[in-house]
Structure formats: structure tokens, C-alpha cells
Amino acid sequence: MSLPQPPPPTARAWRTHVACLLPRQPLYTAFLPATAQAAIAQLDPDAALLREVLEAAGLRHAHHIHLEDGGPVLEAEIDQLSQLRSMRA
């Protein structure tokens, strides 16, 4: 009997597959080593300029981390994004 293979990481269903494996409750980071705690929501230095541009447009870190790399997730209310406000005016 062979087990079904998960979708490849590039497939659309991959995030859904991985999400099913994640705990439903928050993870307590206090139990992680200090080096792991320090890495949570840290941005790759090569992406610093992109983050500045996104934050200038109105996006903010909302204390969520990306599923794949643990980096920060930026989000905004659609009505608060400066580019959309100027397009609607």
C-alpha cells in the first residue's frame, strides 16, 4: 500500500496541506531556544527596501508570521492604502 504524496511546494494546494498539519492553538515561543525566538518575524536584509516601500504605502506588521519562512506578514485595511485612496479620489 503506497501513501498519497503531498502536493509540491509550488502547488496552490500546498499551503492548505501544510495548514492542516499546524496546531490550532498558538505556539508558545518561550519554549524555543533564544536564537529561534530572535529569528521570528525577522526580515531578510535584502528585502528591507521593499518593506520600506510597502510600509510607506500603508502596510504594517500585524504580529503574524509567514508560514514558510517565519518572516513578518504585512497587512492593511484596503481603505487605508494611500495608492487606492488617491485612485478613488
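**Q** Residue-level account of the overall build of the protein chain, with values.
**A** Along its length, the protein chain carries 4 helices and 2 strands. Ordered by position from the N terminus, the helices and strands of the protein chain form the series α-α-α-β-β-α. For the protein chain, with 89 residues in total, the buried portion stands at 10%. Pairs at least 24 apart in sequence give 32% of the contacts found in the protein chain among residues at least 6 apart. By element, 60% of the accessible surface of the protein chain is carried by carbon and sulfur atoms, the whole surface being about 7,800 Å².

**Q** Residues and numbers for unusual backbone geometry, please.
**A** Positive phi values are uncommon outside glycine, yet Ala41 reaches one of about 65°. Its place among the elements puts Ala41 in the loop between α2 (34-39) and α3 (48-56). Judged by its relative accessible area of 17%, Ala41 falls in the buried class. With phi around 65°, His63 is a residue other than glycine that occupies positive phi space. Given the relative accessible area of 71%, His63 is considered exposed.

Definitions and limits used
- Residues numbered from 1 in each chain as written.
- Predicted model: local features only at pLDDT ≥ 70, side-chain atom pairs only at ≥ 80, totals over all residues.
- Heavy atoms only, no water.
- Helix = DSSP H or I, 4+ residues; strand = E, 2+ residues; numbered from the N terminus.
- Buried < 20%, exposed > 50% of the residue type's maximum accessible area, 1.4 Å probe, protein only.
- Contact = heavy atoms within 4.5 Å.
- Areas by Shrake-Rupley, 256 points an atom, 1.4 Å probe, with all protein chains shown as cover.

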